[in-house]
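# Fold and contact review
Chain by chain, the residues run as shown.
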Amino acid sequence: MVFKVELKAPALNEFANLRTQVKWQNPDDEVLKPSIENSLFWITVYDIDKLIGTGRVIGDGAMYFYIQDIIVAPSYQKQGIGRLVMTHIENYLTNTCSNGATVGLLSAHGKESFYTHYGYVKRDGDVLGFGMCKFINK
(Lines give C-alpha, C1' and ligand atoms only; values in the text may rest on other atoms or scores of the structure.)
Protein backbone atom coordinates (compact mmCIF):
# COMPACT_ATOMS: atom_id res chain seq x y z
CA MET A 1 0.00 0.00 0.00
CA VAL A 2 1.28 3.48 -0.86
CA PHE A 3 0.80 6.28 1.62
CA LYS A 4 1.19 10.03 1.16
CA VAL A 5 4.00 11.57 3.23
CA GLU A 6 4.13 15.28 4.02
CA LEU A 7 6.79 17.15 5.96
CA LYS A 8 4.38 19.52 7.64
CA ALA A 9 2.28 19.69 10.78
CA PRO A 10 -1.14 18.09 10.81
CA ALA A 11 -4.29 20.12 11.37
CA LEU A 12 -5.14 20.45 15.06
CA ASN A 13 -8.30 18.33 14.78
CA GLU A 14 -6.47 15.58 12.85
CA PHE A 15 -3.68 15.46 15.44
CA ALA A 16 -6.11 15.41 18.37
CA ASN A 17 -8.12 12.64 16.69
CA LEU A 18 -5.02 10.50 16.10
CA ARG A 19 -3.96 10.95 19.74
CA THR A 20 -7.45 9.90 20.84
CA GLN A 21 -7.27 6.78 18.66
CA VAL A 22 -4.22 5.56 20.62
CA LYS A 23 -5.89 6.53 23.90
CA TRP A 24 -3.67 9.51 24.68
CA GLN A 25 -5.25 12.46 26.43
CA ASN A 26 -5.45 15.77 24.62
CA PRO A 27 -4.87 19.11 26.25
CA ASP A 28 -7.20 22.00 25.43
CA ASP A 29 -6.93 23.38 21.90
CA GLU A 30 -5.27 26.56 23.19
CA VAL A 31 -2.40 24.38 24.48
CA LEU A 32 -2.33 21.94 21.58
CA LYS A 33 -2.21 24.64 18.88
CA PRO A 34 1.06 26.35 19.96
CA SER A 35 2.57 22.96 20.72
CA ILE A 36 1.99 21.97 17.11
CA GLU A 37 3.21 25.31 15.77
CA ASN A 38 6.39 25.44 17.88
CA SER A 39 7.74 22.08 16.79
CA LEU A 40 11.01 21.98 14.84
CA PHE A 41 10.02 19.25 12.40
CA TRP A 42 6.92 17.27 11.47
CA ILE A 43 6.18 14.25 9.35
CA THR A 44 2.60 13.26 8.60
CA VAL A 45 1.43 10.13 6.82
CA TYR A 46 -1.94 9.95 5.08
CA ASP A 47 -4.04 7.23 3.53
CA ILE A 48 -5.47 9.44 0.80
CA ASP A 49 -6.69 12.31 3.04
CA LYS A 50 -6.90 10.51 6.41
CA LEU A 51 -4.07 11.11 8.88
CA ILE A 52 -2.78 7.68 9.91
CA GLY A 53 0.66 8.45 11.32
CA THR A 54 2.81 11.26 12.57
CA GLY A 55 5.93 12.20 14.45
CA ARG A 56 7.75 15.36 15.33
CA VAL A 57 10.92 16.82 16.77
CA ILE A 58 10.90 19.53 19.40
CA GLY A 59 13.77 21.29 21.17
CA ASP A 60 16.07 24.27 20.90
CA GLY A 61 17.27 23.44 17.38
CA ALA A 62 20.92 23.56 18.40
CA MET A 63 21.99 21.38 21.33
CA TYR A 64 18.87 19.51 22.34
CA PHE A 65 16.33 17.65 20.23
CA TYR A 66 13.48 15.52 21.47
CA ILE A 67 11.45 13.03 19.46
CA GLN A 68 7.79 13.35 20.35
CA ASP A 69 4.39 11.96 19.35
CA ILE A 70 5.32 8.99 17.19
CA ILE A 71 1.75 7.83 16.56
CA VAL A 72 0.27 5.33 14.14
CA ALA A 73 -3.49 4.74 14.00
CA PRO A 74 -4.26 1.32 15.51
CA SER A 75 -5.76 -0.09 12.31
CA TYR A 76 -2.55 0.81 10.40
CA GLN A 77 0.02 -0.51 12.88
CA LYS A 78 2.47 -3.26 11.87
CA GLN A 79 2.59 -1.95 8.27
CA GLY A 80 5.91 -0.07 8.42
CA ILE A 81 4.43 3.38 9.05
CA GLY A 82 6.32 3.85 12.31
CA ARG A 83 9.57 2.99 10.53
CA LEU A 84 8.67 5.42 7.75
CA VAL A 85 8.09 8.17 10.33
CA MET A 86 11.34 7.43 12.17
CA THR A 87 13.35 7.30 8.93
CA HIS A 88 12.23 10.84 8.07
CA ILE A 89 12.95 12.02 11.62
CA GLU A 90 16.41 10.44 11.56
CA ASN A 91 17.14 12.10 8.20
CA TYR A 92 16.11 15.46 9.65
CA LEU A 93 18.31 14.93 12.71
CA THR A 94 21.29 13.82 10.60
CA ASN A 95 21.02 16.96 8.48
CA THR A 96 20.33 19.33 11.40
CA CYS A 97 22.26 18.23 14.48
CA SER A 98 25.78 19.41 15.14
CA ASN A 99 28.44 17.25 16.70
CA GLY A 100 27.69 16.88 20.40
CA ALA A 101 23.94 17.45 20.14
CA THR A 102 21.68 15.31 22.31
CA VAL A 103 18.55 13.60 21.00
CA GLY A 104 16.11 12.23 23.55
CA LEU A 105 12.76 10.49 23.64
CA LEU A 106 10.37 8.78 26.02
CA SER A 107 9.19 5.42 24.77
CA ALA A 108 5.80 3.95 25.53
CA HIS A 109 6.16 0.90 27.75
CA GLY A 110 7.05 -2.13 25.67
CA LYS A 111 8.05 -0.10 22.61
CA GLU A 112 11.69 0.45 23.59
CA SER A 113 13.05 -2.14 21.14
CA PHE A 114 11.53 -0.18 18.24
CA TYR A 115 13.87 2.73 19.03
CA THR A 116 17.00 0.64 19.60
CA HIS A 117 17.03 -0.05 15.84
CA TYR A 118 17.84 3.66 15.42
CA GLY A 119 20.67 3.71 17.96
CA TYR A 120 18.74 4.86 21.03
CA VAL A 121 19.74 3.26 24.32
CA LYS A 122 18.00 2.84 27.64
CA ARG A 123 19.50 4.87 30.44
CA ASP A 124 20.40 2.21 32.98
CA GLY A 125 21.33 4.65 35.70
CA ASP A 126 24.99 3.66 35.91
CA VAL A 127 26.63 6.21 33.61
CA LEU A 128 24.04 8.93 32.99
CA GLY A 129 21.46 8.35 35.69
CA PHE A 130 17.88 7.37 35.00
CA GLY A 131 15.68 9.54 32.82
CA MET A 132 12.88 11.32 34.64
CA CYS A 133 9.78 13.31 33.82
CA LYS A 134 7.07 15.29 35.57
CA PHE A 135 3.44 15.62 34.50
CA ILE A 136 1.63 18.81 35.46
CA ASN A 137 -1.99 18.34 36.49
CA LYS A 138 -3.91 21.47 37.47
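Residues numbered from 1 in each chain as written. Predicted model: local features only at pLDDT ≥ 70, side-chain atom pairs only at ≥ 80, totals over all residues. Heavy atoms only, no water.

Moving on, we come to the overall build of the chain. Helix and strand counts for the chain come out as four helices and five strands. In summary, the chain has a C-alpha radius of gyration of 15 Å against a globular reference of 14 Å for 138 residues, a match within 12%. Across the 138 residues that make up the chain, the buried fraction comes to 30%. A sequence separation of at least 24 residues applies to 61% of the contacts in the chain between residues at least 6 apart. Entry remark: accessible area of the chain is about 9,200 Å², with carbon and sulfur atoms responsible for 53%. (Helix = DSSP H or I, 4+ residues; strand = E, 2+ residues; numbered from the N terminus. Rg over C-alpha atoms; globule rule 2.2 N^0.38 Å. Buried < 20%, exposed > 50% of the residue type's maximum accessible area, 1.4 Å probe, protein only. Contact = heavy atoms within 4.5 Å. Areas by Shrake-Rupley, 256 points an atom, 1.4 Å probe, with all protein chains shown as cover.)

Our next topic: the sheet that holds strand S3 (residues 50-59). Taken in spatial order, the five strands line up as S1-S2-S3-S4-S5 in an open sheet, and their pairing is mixed. The open sheet terminates on both sides in strands that have one partner only, identified here as strand S1 (4-6) and strand S5 (102-105). Averaged over neighbouring strand pairs, the angle between their axes works out to 20 degrees when direction is ignored. Of the pairings in the sheet, the one linking S1 to strand S2 (residues 41-47) comprises three bridges and is antiparallel in character. Paired with Lys4 across the strands is Tyr46, a residue of S2. Across the sheet, helix H3 (residues 81-96) is in contact with S1, S2, S3, strand S4 (64-72) and S5; its angle to S4 comes to roughly 165 degrees. (Pairing = 2+ DSSP bridges. Axes fitted to C-alpha atoms, helices over the stretch in contact; angles between N-to-C directions.)

A few words now on helix H1 (residues 12-21). Among the residues of H1, those classed as buried are Phe15, Ala16, Leu18 and Arg19. Looking straight down H1, one finds its buried side chains confined to an arc of 160 degrees; they lie on one side. A positive phi of about 65 degrees marks Lys23, the residue just after H1. (Arc of directions from axis to C-beta.)

Turning to the UniProt feature "domain: N-acetyltransferase" (unreviewed entry) in the chain, a few remarks are in order. Mapped onto the present numbering, the UniProt feature "domain: N-acetyltransferase" (unreviewed entry) falls on residues 2-137. Between the first and last C-alpha atoms of residues 2-137 the distance is 40 Å; the span itself is 29% helix and 24% strand. (UniProt positions renumbered as here; feature names shortened; annotations may be inferred.)

Looking at the secondary structure, you find Pro10 in the loop between S1 and H1. When the C-alpha positions of Pro10 and Gly82 are compared, they lie 16 Å apart, and in sequence the two are 72 residues distant. Excluding anything up to four places from it in sequence, Pro10 contacts Phe15, Ile36, Trp42, Thr44, Tyr46, Leu51 and Thr54.

Looking now at the packing of H1 against helix H2 (residues 29-37). Put simply, H1 and H2 touch, their axes get as near as 10 Å, and they point 105 degrees apart. It follows from the interaxial angle that H1 and H2 lie roughly perpendicular. Counted together, Leu12, Phe15 and Ala16 of H1 and Asp29, Leu32, Lys33 and Ile36 of H2 form the full contact between these two elements. (Parallel < 35°, antiparallel > 145°, perpendicular 65-115°, else oblique.)

Ranked by size, the top nonpolar core spans 29 residues in total, and within it Ile81, Ile89 and Leu93 carry the most contacts. For this core, the secondary-structure elements that each account for two or more residues are H1, H2, S2, S3, S4 and H3. Examining the composition of this core, we find that six residues originate from one element, H3, more than from any other. The residues contacting Ile89, other than those within four sequence positions of it, are Phe41, Ile43, Gly55, Arg56, Val57, Ile67 and Ile70. (Core = buried A, V, L, I, M, F, W, Y, C linked by side-chain atoms within 4.5 Å.)

What follows covers the packing of aromatic side chains. A complete count under the given rule lists five aromatic pairs for this structure. Arranged with centres 5.2 Å apart and planes meeting at 85 degrees, the rings of Phe15 and Trp42 form a pair that is edge-to-face. One end of the pair, Phe15, is in helix H1; the other, Trp42, is in strand S2, and 27 residues separate them in sequence. What makes Phe15 buried here is its relative accessible area of 0%. Between Phe41 and Tyr92, the aromatic rings sit 4.5 Å apart at their centres with planes inclined by 15 degrees, giving stacked as the arrangement. (Phe/Tyr/Trp six-rings, centres within 6.5 Å; stacked < 30°, edge-to-face > 60°.)

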